[in-house]
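Descriptive structure summary
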Amino acid sequence: MKENSNQTVIVLDFGGQYKELIARRVRECKVHSRILSGNTPIETLKEIAPIGIILTGGPHSVYEATSPHTTKELFEMGIPVLGICYGMQLMAYTLGGEVKSCAVSEYGTVCATYDDPNCAIFDGLDSNAITLMSHTDYVAGMPEGFRSLAHTADCPIAAMCDDKRKLYAVQFHPEVERTKDGTRLLNNFLYNVCGAKGDYNMDDFIRRETARIREQVGDKQVVLGLSGGVDSSVCAAILEKAIPNQLTCIFVDHGMMRKNEGDEIQQAFAGKSLNFVRVDAEDRFLKKLEGVEDPERKRKIIGEEFVRVFESESAKYEGAFLAQGTIYPDVVESGLTTGAVIKSHHNVGGLPKDTKFIGLVEPLRSLFKDEVRELGRKLGLDEKLVSRQPFPGPGLAVRCIGEITKQKLDILRNVDYIFREELEKANLKYDQYFAVLTNMRTVGVMGDGRTYNYVVGLRAVVTSDFMTCEYAHIPYETLDATSSRIVNEVKGVSRVVYDITGKPPATIEWE
Ligand code: XMP
């Protein structure tokens, strides 16, 4: 695809785990970025004519025959280059410097001293900074024309440059948060060295991505599984903008959504230039779940049934593309970049086997969650939808402990609704909050009679990554109001408890 008039920075990938993060930091600095393989031909780079090139880190040593290498020409095009970690070693090695194995490897945060604070990339930065290091090799001798810019206790050349040729390199990782002012360093490289104009923003992403989608899809149809979550909703919105009237969104209502949620999702896409198909599959799912108590079995059954329903609905669209709202953290969590699988429920490995679909469209694959939300806002999606908290794929099934019945789900939906309403009324914003229907019943007294009804749990957590969390310190008045509304308004509930456990040791969901 031809680049439009925006400036571009190329991130050349040498196997580093942070390549997307580098690309994202460049976008944060309002410069368009593209990731290309480290062995991209020089001719291709010349054609793109980027304003700068960033070489990523990587787990290799330049002296291994199988390591990714590059040629001198990369540094002779007159395009500014910033080498990071392995990228620095590669720059030194390729241009005739010396790379050696460290006597003391540096892993983790290390204090670096910037010896030349007037250098273009250190402009405005403190001369002593915490940096993230992760290396066993180091640059022991610089190529001709270079000077050292920084050192640490164990690394004599922690940064280097040749101003004349606009070649810069740092041994540490400026792209990670743990490096103090790392984004500022990248910003300096982009603006002080590459002459960036800052002409990239979300509008630019929309322009490029819609053009790319149109080119990929042509006049074919696209089918998207819409859950109503942020990612699939934003995916639907950008597809609709790119290829109006060629998109079918299939929303499988498994009957385990929160109160009114199915209708809200349908409403959000009403009146748009797409075909919205709502499959009411509640009975089908509940039947499959009859008598099932084990949470992992529930997940498995729902997952499999979901695929079956989706497949039978989408079979009507033979010769179509399949769209997915995969975002970058999904790709990482599925181990495609690092080999370590953290979660297995994301389908990011390409089209499923034996599929009738002719290809996969993933417009959000390079974006991080906050960028997806920003994109959703730009595309005019409702704020409620864009800032929606995470909701597990199996829905209320993992919040309804023990066997699932329609009656239990309805009780849970009503309790959850009251809890959400009370938090909103009190203007309390937590990262995730919900109710749980425990499978336990306890004795109570209502009026003059004895009751034997369900205990419900309330959970609200504060977290940034959902890998760990603290429980939210909800004011007592709000808990009081919520509890009394629940027992008064929801038949079948006589006791309310608040979960005060963090993660670890607990998890966010109860099942
Ligand atoms: P846990 O309970 O593991 O949850 O602390 C972490 C985050 O993941 C969500 N979650 C799920 N999401 N399918 C999903 O799509 C699941 O089976 C699932 N289980 C938990 C949970 O809501 C929280 O945001």
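Residues numbered from 1 in each chain as written. Predicted model: local features only at pLDDT ≥ 70, side-chain atom pairs only at ≥ 80, totals over all residues. Heavy atoms only, no water.

Points about the sheet that holds strand β13 (residues 321-323)
In space, the five strands of this open sheet follow the order β12-β11-β10-β13-β14, with parallel pairing throughout. Every other strand in the sheet has two partners, leaving β12 (275-280) and β14 (360-361) as the edge strands with one partner each. Here strand β10 (residues 222-225) pairs with strand β11 (residues 247-253) via four bridges, running parallel. Looking across to β11, one finds that V223 is bridged to T248. Packing against the sheet, helix α7 (residues 261-268) makes contact with β11 and β12, and its axis sits at approximately 165 degrees to β12. (Pairing = 2+ DSSP bridges. Helix = DSSP H or I, 4+ residues; strand = E, 2+ residues; numbered from the N terminus. Contact = heavy atoms within 4.5 Å. Axes fitted to C-alpha atoms, helices over the stretch in contact; angles between N-to-C directions.)

Details of the nonpolar core
Of all hydrophobic cores here, the largest spans 85 residues; its most connected members are L239, M256, L375, V415 and I474. Looking at which element gives the most residues to this core, the answer is helix α6 (residues 230-242), with eight residues. Mapped onto the domain boundaries, this core takes at least three residues apiece from domain 2 (202-386) and domain 3 (399-498). (Core = buried A, V, L, I, M, F, W, Y, C linked by side-chain atoms within 4.5 Å. Buried < 20%, exposed > 50% of the residue type's maximum accessible area, 1.4 Å probe, protein only. Domains from an automatic or database assignment.)

Describing the sheet that holds strand β1 (residues 8-13)
Here we have nine strands laid out as an open sheet, ordered β2-β1-β3-β4-β9-β8-β7-β5-β6, and mixed in their pairing. Across the chains shown, the open sheet's two edge strands, defined by having one partner strand only, are β2 (32-37) and β6 (128-141). Averaged over all pairs of adjacent strands, the angle between their axes in this sheet comes to 20 degrees, without regard to strand direction. Sheet topology note: the β1/strand β3 (residues 52-55) ladder contains four bridges and is parallel. Paired with I10 across the two strands is I53, which belongs to β3. On top of the sheet, helix α1 (residues 19-28) reaches β1, β2, β3 and β4 (81-84); it is set at about 160 degrees to β2, its chief contact. Across the face of the sheet, helix α3 (residues 86-94) comes into contact with β3, β4, β5 (98-114), β6, β8 (159-162) and β9 (167-170) while running at roughly 120 degrees to β4.

With respect to the pairing of β10
Remark: the β10/α6/β11 crossover connection has right-handed handedness. As judged from the three bridges shared by β10 and β13, these two strands associate in the parallel manner. In the sheet register, V222 faces β13, and the bridge partner there is F321. (Right-handed = clockwise from strand over helix to strand, strands pointing away.)

Notes on the site of the ligand
Around the ligand sit twelve residues in total, of which R299, Q432, K503, I508 and E509 are the nearest. Within the contact set of the ligand, an oxygen atom lies 3.1 Å away from a backbone nitrogen or oxygen of G393. Between Q432 and the ligand, the recorded distance is 2.8 Å, taken from a side-chain N or O atom to an oxygen atom. If the ligand stood free it would expose 490 Å²; the protein chains cover 80% of that surface. Tallied by class, the residues present in the shell around the ligand amount to five nonpolar, four polar and three charged. (Near = heavy atom within 4 Å. Polar contact = N/O pair within 3.5 Å; in protein donor to acceptor, adjacent residues only side chain to side chain. Areas by Shrake-Rupley, 256 points an atom, 1.4 Å probe, with all protein chains shown as cover. Nonpolar A, V, L, I, M, F, W, Y, C, P; charged D, E, K, R; others polar.)

Here we look at α1
For an α-helix the count is 3.6 residues per turn, leaving residues at separations of three or four pointing the same way. In terms of burial, α1 is a largely internal element, nine of the ten residues being buried. Immediately beyond the C-terminal end of α1, within one or two residues, lies K30, with a positive phi of roughly 65 degrees.

Points about a negative patch on the surface
Residues E43, E47, E73 and E76 make up a contiguous surface patch of negative charge. Relative to the assigned elements, E76 resides in the loop between β3 and β4. According to the relative accessible area criterion, E76 is exposed, its value standing at 54%. (Patch = residues over 30% accessible without salt bridge, like charges linked within 9 Å, V, L, I, M, F, W, Y side chains within 5 Å. Salt bridge = Lys/Arg side-chain N within 4 Å of Asp/Glu carboxyl O. Lys, Arg positive; Asp, Glu negative; His and termini not counted. Charge placed at Lys NZ, Arg CZ, Asp CG, Glu CD.)

Examining the domain arrangement of the protein chain
For the protein chain, the assigned domains are domain 1 (5-193), domain 2 (202-386) and domain 3 (399-498). For domain 1 and domain 3, the distance between their C-alpha centroids amounts to 51 Å.

Things to note about the confidence of the model for the protein chain
With 95% of its residues at a pLDDT of 70 or more, the protein chain has an overall mean of 92. When the criterion is pLDDT under 50, residues 338-346 qualifies, and its contacts beyond four places in sequence or with other chains add up to 15 contacts. (pLDDT = per-residue confidence, 0-100.)

Notes on the pairing of β11
Counting buried residues along β11, seven of its seven residues qualify, which places the element largely inside the surrounding structure. Side chains L247, C249, F251 and D253 project from β11 onto one buried face, and the interleaved T248, I250 and V252 project onto a second face that is buried too. Chirality of the crossover, the property in question, places the unit of β11, α7 and β12 among those that are right-handed.

A few points about the environment of R450
Mapping R450 onto the fold places it in strand β16 (residues 449-462). For R450, a relative accessible area of 62% gives the class exposed. A C-alpha to C-alpha distance of 43 Å links R450 and L385, two positions 65 residues apart in sequence. Ignoring any residue separated from it by four or fewer positions in sequence, one finds R450 in contact with V443 and G444.

What about the environment of T451?
Relative to the helices and strands, T451 resides in strand β16. Residue T451 is classed as buried on the basis of its relative accessible area of 13%. C-alpha of T451 to C-alpha of V493: the two residues are 42 residues apart in sequence and 9.3 Å apart in space. Setting aside residues no more than four positions away along its own chain, T451 makes contact with T442, V443, G444, V445, M446 and S494.

Section: the packing of helix α8 (residues 282-289) against helix α9 (residues 295-314)
Axis separation between α8 and α9 bottoms out at 10 Å; the angle between their running directions is 145 degrees. When you trace α8 past α9, the crossing you get is right-handed. In this structure, α8 contributes R284, F285, K288 and L289 to the contact, and α9 contributes K298, I301, I302, E305, F306, R308 and V309. Per-class residue counts for the contact of α8 with α9 are six nonpolar, no polar and five charged. (Left-handed = near helix turned anticlockwise from the far one by under 90°.)

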